[in-house]
Amino acid sequence: MATQDVSNMEVPPPHPFMRPATAAMRSERRAFNVFRMATYSVLLAATAIFGVIFVKGADTIFTREFPFVNIAFLIESPETLHVFDHEGQHHEIGDREFRKYMEAHANPTIAEETYVYSAGGIFPCIVGTFFLVVGSMAIALFVGISAAVFLNEYSRGGRMVELLQLAILNLAGVPSIVFGLFGFGLFVLFAPIFASAPDPSHLYIPLGFGYLNFTGWGVSLISGWFTLAFMVLPVVITASEESLKAVPKGFREGSLALGATQWEAIRTNVLPYALPGILTSSILGIARVAGETAPIMFTAAYVVRDRLPWQVDHVLDVLFQGVMALPYHIYVVSSKIPQNAYTERVQFGTAFVFLGLVLGIALSSVILRNRLRARYRW
Amino acid sequence: MSINEQNAALSAALKGRARAKVLGLTFDDVMRYFFGGNATVAVIVLVLILVFLGKEGAGFFGQNQVNLSVYRKAGLEYVDLMRMPMEEFTGLTRGLNDVRLNRFKVLLASGKDAEQANAALEEFDAFADQLGAVAGDARGLMSDLTEVVSAVKTRVQIAADKDLERDMLRHAGREAEAKALKSEEVDFQKEIAAIKSAAGAWKPASEAMGAGLRAATAAARSAAWAKGDKLLEKLLLKAEKFAVDLPEVEVRMAAWRWDEPVPYSRSVAAFLYGREWITASFWQDWYGMLPLLSGSLLVAIIAMVVAVPLAISCAIYVSEIATPGEKAVIKPYIEFVSAIPSVVLGFFGIAVLGTVIRSLSQVEFLHWIPGFPMSERLNALTAGLLLAVTSIPTIFSLAEDALANVPRHFKEASYALGATRFQTLVRVLIPASLSGIISAILLGFGRVIGETMVVLLCAGNRIAIPDFTQGVSAFFQPVHTMTGIIAQEMGEVAQGSIHYRALFMVGIILFFASLIINYIAQKVVRKYRISIG
């Protein structure tokens, strides 16, 4: 790149006519070394974090025999781990197996230690996180892209747009736990539900053919969706605006000159070119949605739930059920159960899967972005 | 054809079609308003956050006022007047134990065995016993009264619970049941009169206590065994001062009025400046922000002290010094770091970092560092270091942007004058991008203050104002934070209770803090930007 030519001049090779290093040059070298060390220490610290979690988590996720991946950990539900010695043998087994064992041995009295959530796998958490991410990103993308289209295509500046931009900027700075409280106050406790009879203990609105009861949605997927969607909205709007700005003005003008209305111009000549960019930049939003714990703590996450999200009696119950989620599960297993050799397995395993997932999402965003840049050049 | 008709025909031909209108809006207008409506969502959400945090938190100050006025009316405040000197006295006896331990160590070091040392401390022990015994009557009185006023408070609470139940019955339309439910009117005047008359015994008890203290200290001062002990000397001074101050308690008790109203401002002040956050206590609940605020700030300061130099150095290195190859690796890598979920960092702190730091602090040759060895695995330092990891990417990328935005000719002009790259960096680039760098730091600070999972898992969660009298070791104490307390206690509180509302108030403070930090960051960028170009 042209701008770097000056700053990144290579130091010429030593030769007999070289100017002796002045004090200024020596101090420059020293200072640059300090900057270099600081940079590499940051990279080193980050690598240490990745390294520890990946190395220790790999013990859980990978096995030495075929198929080399601990599939049970990925497709089973969490169970309580029972550790005991019986008939001269050491056992570390999950709850279901333990019950079978007890039956088979006529319920012997044994001294056992139990650790909750330390056996089995994390399948419900993976599923729950998937559901949360898909729903909230759908909402955030819909609202966010529309907002960006307005800001970039329709608005002509002025007070209103300034206010909107200010709001977006500030929304980005609101702590995630505040979003959690807000989601709890609005969606869990207050949001309206359609019902055939009024609920006198809450606010309700008669609609003629039924009632809207403001009883709240409870701790549920849909509460989590909206909470997370609003949290990630600034990320999506900013990403969308950038992609829309990257579409050359000529595209719109050409289309308008041919008699298209503004919406037609946007639909045919702006969005198709901006959309890939919008989606890839929004992948970073996915990483954020998947990674946040605080907003779902009171709005969507259960510590433990036996049923999977699709095991419901009624279709609508899918929306109004709480789910287990990976980040919340990590919080639970790292704070509510003791640290020892037996619990380490599930702790590091979950952290491995979760970190791998989030970094995978971030990586795909970086790769896709680079590819897109190479493809669209105008 | 008139001119107008001609124009209309022409424009219809040019546009290619006539436009259908619904409610006076073309399809294009509808789309426009649709997009505009979505754009206002950001504003609406901000307003809704304020409304719903306010809705849940609003009742707090009123409830706290009731809470504080029950504290006064039921006489708990009165008993606390007596409790204060008693606690100070307990501190004195604890100091006495320290003195004894010190003397014991000195004796052991001088070659005596434990038995001989204990024998040598016989006189000291006699003095300690004498001192410890002087508080007997006063302490007994205080604990008797504690039970009396606790009982009164319990009655008040039962009555309040019944009132609440009655309201709920009324609300559900069960009027008859509501009427049948009687709650007791507690006659505070009578109760307080009884308590005050019982408290009449305080005066002789406290006088006896003062006299006993004075006698004991005077005896110790003249005794041979007490000579030359600086620690004991300090303690004796403290004890004498305590004996002098003791009558003041009576004055305060006499001036105390049970029916003095608790103003609303007191309730607000008790929240904002309260030094204690005590919940679900059998005695009195306090909702004071200071321990949480100071914990949040302490952790944030540690994080910023670590993160700012590193992140700014990184930004300078990447934008000015690094080769293009390095740049292509470092920038995405740091972006990756920003993608690490905070709960994973928190887990890393619990499982790895806390243990590593503590075992490092127990290494013998590092003991010169103040605060080492540390007693707690999870403390402000552990949380601060991990928060630094979360804020480095934020500060880095914003500061790097600011540096990259400095126009190229600034740099070239500096080189043309013969400046080295370092001189250019320090004298030209950094001043030109300073506003951007400062706002980067502020936004990083905002991120650190609002971070929840790391502090919840790693800060140690002890609700206390960090004790800075012990110097640097305050940084190694466990603390609790504003974000952490919400995450920890929100799941356990009853909806609508004062505790619940207090947590929402903390949320409101966090919300405004984030707005203010954002506002300052934007102001800095706008106001101090060197006009470029």
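Keep in mind the model is a prediction, meaning the values are calculated, not measured.

*Asks:* How would you summarise the overall build of chain B if you had to cite specific residues and measurements?
*Replies:* Each helix and strand counted, chain B has 22 helices and four strands in total. Taking 24 Å as the expected radius of gyration for a compact globule of 533 residues, we find that chain B reaches 34 Å, considerably beyond that expectation. Each principal axis of the C-alpha distribution contributes one length, and for chain B these read about 120 × 80 × 40 Å. Every one of the 533 residues in chain B was classed for burial, and the buried ones make up 37%. A separation of at least 24 residues holds for 78% of the contacts in chain B among residues at least 6 apart in sequence.

*Asks:* Requested: an account of the overall build of chain A, with residues and values cited.
*Replies:* Summing up its helical and strand segments, chain A has 13 helices and six strands in all. Taken over the C-alpha trace, chain A has a radius of gyration of 28 Å; the compact-globule value for 378 residues is 21 Å, which it surpasses by more than 25%. When its C-alpha atoms are laid out on the principal axes, chain A stretches across 90 × 85 × 40 Å. Restricting the contact set of chain A to residue pairs at least 6 apart, pairs at least 24 apart contribute 76%.

*Asks:* Provide a residue-level description of the sheet that holds strand E4 (residues 193-195) of chain A, including the pertinent values.
*Replies:* Residue and element names in this part refer to chain A. One open sheet holds the three strands; their spatial order is E4-E6-E5, and the pairing between them is antiparallel. Looking at which strands have only one partner, the edges of the open sheet turn out to be E4 and strand E5 (204-206). The sheet shows a mean angle of 25 degrees between the axes of neighbouring strands, direction not considered.

*Asks:* Before we move on, can you summarise the nonpolar core with the specific residues and values?
*Replies:* Generally speaking, soluble globular proteins have nonpolar side chains that are buried together. Counting 232 residues, the largest nonpolar core has Leu 233 of chain A together with Val 299, Ala 311, Val 344 and Ala 399 of chain B as its most contacted members. The element contributing the most residues to this core is helix H14 (residues 290-321) of chain B, with 19 residues. With near-sequence residues (within four places) excluded, Leu 233 of chain A lies in contact with Ala 140, Val 143, Gly 144 and Leu 171 of chain A together with Val 41 and Ala 42 of chain B.

*Asks:* Let's hear about the domain arrangement of chain B: which residues, and what values?
*Replies:* Often the size quoted for an interface is simply the accessible area lost on bringing the parts together. Structurally, chain B comprises domain 1 (3-57), domain 2 (74-264) and domain 3 (295-392 + 443-513). Between the C-alpha centres of domain 1 of chain B and domain 2 of chain B there is a distance of 71 Å.

*Asks:* So what about the packing of helix H2 (residues 23-61) of chain A against helix H15 (residues 324-339) of chain B? Which residues, and what values?
*Replies:* In contact at an axis separation of 11 Å, H2 of chain A and H15 of chain B are set at 45 degrees when each is read in the N-to-C sense. One element, H2 of chain A, and the other, H15 of chain B, form an angle in the oblique class. The chirality of how H2 of chain A crosses H15 of chain B is left-handed. Between H2 of chain A and H15 of chain B, the residues in contact are Thr 39, Leu 43 and Ala 46 of chain A and Ile 330, Tyr 333 and Val 337 of chain B, respectively. A per-class count over the contact of H2 of chain A with H15 of chain B returns five nonpolar, one polar and no charged.

*Asks:* Which residues make up the interface of chain A and chain B, and what values go with them?
*Replies:* Chain A puts 74 residues into the contact, and the matching count from chain B is 80 residues. Top element by residues in the side of chain A that touches chain B is H2 of chain A. It accounts for 18 residues. Of the residues assigned to the side of chain A that touches chain B, the class counts are 50 nonpolar, 22 polar and two charged.

*Asks:* Could you give an account of the domain arrangement of chain A, naming the residues involved and the relevant values?
*Replies:* Here chain A is partitioned into domain 1 (78-120) and domain 2 (123-326). One C-alpha centre belongs to domain 1 of chain A, the other to domain 2 of chain A; they are set 45 Å apart.

*Asks:* Can you lay out the pairing of strand E1 (residues 78-86) of chain A for me, pointing to particular residues and giving the numbers?
*Replies:* Successive residues of a regular strand alternate their side chains across the two faces of the sheet. All names here are of chain A. With six bridges joining them, E1 and strand E3 (residues 112-120) adopt antiparallel strand pairing. Across the sheet, the residue bridging to Phe 84 is Glu 112, located in E3. Relative to strand E2 (residues 89-94), E1 is paired through six bridges, and the arrangement is antiparallel. Its bridge partner being in E2, Asp 85 is matched across the sheet by His 90. Count of turn residues in the E1/E2 antiparallel hairpin: two residues, of which Glu 87 carries a positive phi of about 50 degrees.

*Asks:* How would you explain the confidence of the model for chain A if you had to name every residue and give the values?
*Replies:* Residues and elements named next belong to chain A. Overall, the prediction assigns chain A a mean pLDDT of 86, with 96% of residues at 70 or greater. Taken element by element, the predicted model of chain A shows its lowest mean pLDDT in helix H1 (residues 4-7) (45) and its highest in helix H7 (residues 176-188) (94). Across residues 1-8, where pLDDT falls below 50, the model places nine contacts with residues more than four positions away in sequence or in other chains.

*Asks:* Before we move on, can you summarise the packing of H15 of chain B against helix H17 (residues 380-404) of chain B with the specific residues and values?
*Replies:* Residues and elements named next belong to chain B. Closest axis-to-axis distance for the H15/H17 pair is 8 Å, and the angle between their directions is 135 degrees. In terms of axis orientation, H15 runs oblique to H17. With respect to the hand of their crossing, H15 and H17 are arranged in left-handed fashion. Every residue of H17 that contacts H15 at Ile 334, Glu 335, Val 337 and Ser 338 is listed here: Val 389, Ile 392, Pro 393, Thr 394 and Phe 396. Looking at side-chain class alone, the contact of H15 with H17 contains six nonpolar, two polar and one charged residues.

*Asks:* Got a sec to walk through the environment of Pro 431 of chain B? Specific residues and values, please.
*Replies:* Assignment of secondary structure puts Pro 431 of chain B in helix H19 (residues 421-450). In this structure the C-alpha to C-alpha distance between Pro 431 of chain B and Leu 403 of chain B, which are 28 residues apart in sequence, comes to 9.8 Å.

*Asks:* I'd like a description of unusual backbone geometry, backed by residues and values.
*Replies:* One non-glycine residue, Tyr 117 of chain A, lies in the positive phi region at around 60 degrees. One can find Tyr 117 of chain A in strand E3. In this model, Asn 461 of chain B sits at a positive phi of 50 degrees, which is unusual for a non-glycine residue. Here Asn 461 of chain B shows up in the loop between helix H20 (453-458) and helix H21 (482-489).

*Asks:* Explain helix H11 (residues 202-222) of chain B to me, and be specific about the residues and the numbers.
*Replies:* Residues and elements named next belong to chain B. Here H11 spans 30 Å end to end across 21 residues, near enough to the 30 Å set by a 1.5 Å rise per residue. Within H11, burial applies to Trp 202, Ala 205, Ser 206, Met 209, Leu 213, Ala 216, Thr 217 and Ala 220. An end-on view of H11 places all buried positions within 95 degrees of arc, on one side of the element. When the buried face of H11 is taken as reference, the exposed residues oriented beyond 90 degrees from it are Pro 204, Ala 211, Ala 218 and Ser 222. Turning to H11, the residues buried within the fold contact helix H5 (76-109), helix H7 (122-133), helix H8 (136-171) and helix H12 (230-255).

*Asks:* Describe the confidence of the model for chain B, listing the residues and the values that go with them.
*Replies:* Close reading of the predicted structure is inappropriate where its pLDDT is low. For chain B, per-residue confidence averages 86 on the pLDDT scale, and 96% of positions sit at 70 or higher. Listed scores for the predicted complex are pTM 0.88 and ipTM 0.89.

*Asks:* Mind laying out the environment of Leu 359 of chain A, listing which residues take part and the relevant values?
*Replies:* The topology assignment puts Leu 359 of chain A in helix H13 (residues 341-375). Of the residues examined, Leu 359 of chain A has 19 C-beta atoms within 10 Å and is grouped as partly exposed. C-alpha of Leu 359 of chain A to C-alpha of Gly 224 of chain A: the two residues are 135 residues apart in sequence and 22 Å apart in space. Not counting residues up to four positions away in its chain, the partners in contact with Leu 359 of chain A are Phe 336 and Ala 339 of chain B.

*Asks:* Could you give me a rundown of the sheet that holds E2 of chain A, with the residues and numbers involved?
*Replies:* Through backbone hydrogen bonds, the strands of a sheet pair up, either in parallel or in antiparallel fashion. Residue and element names in this part refer to chain A. Taken in spatial order, the three strands of this open sheet run E2-E1-E3, and their pairing is antiparallel. Single-partner strands in this sheet number two, and they are E2 and E3. When strand polarity is set aside, the average angle formed by the axes of neighbouring strands in this sheet is 25 degrees. The sheet strands contacting H13 are E1, E2 and E3, and the helix crosses E3 at an angle near 10 degrees.

Thresholds, definitions, all that
Residues numbered from 1 in each chain as written. Chains lettered and ligands numbered in written order. Predicted model: local features only at pLDDT ≥ 70, side-chain atom pairs only at ≥ 80, totals over all residues. Helix = DSSP H or I, 4+ residues; strand = E, 2+ residues; numbered from the N terminus. Rg over C-alpha atoms; globule rule 2.2 N^0.38 Å. Buried ≥ 20, exposed ≤ 12 C-beta atoms within 10 Å, placed from the backbone. Contact = placed C-beta atoms within 7 Å. Pairing = 2+ DSSP bridges. Axes fitted to C-alpha atoms, helices over the stretch in contact; angles between N-to-C directions. Core = buried A, V, L, I, M, F, W, Y, C linked by C-beta atoms within 7 Å. Domains from an automatic or database assignment. Parallel < 35°, antiparallel > 145°, perpendicular 65-115°, else oblique. Left-handed = near helix turned anticlockwise from the far one by under 90°. Nonpolar A, V, L, I, M, F, W, Y, C, P; charged D, E, K, R; others polar. pLDDT = per-residue confidence, 0-100. Expected span 1.5 Å × (residues − 1). Arc of directions from axis to C-beta.

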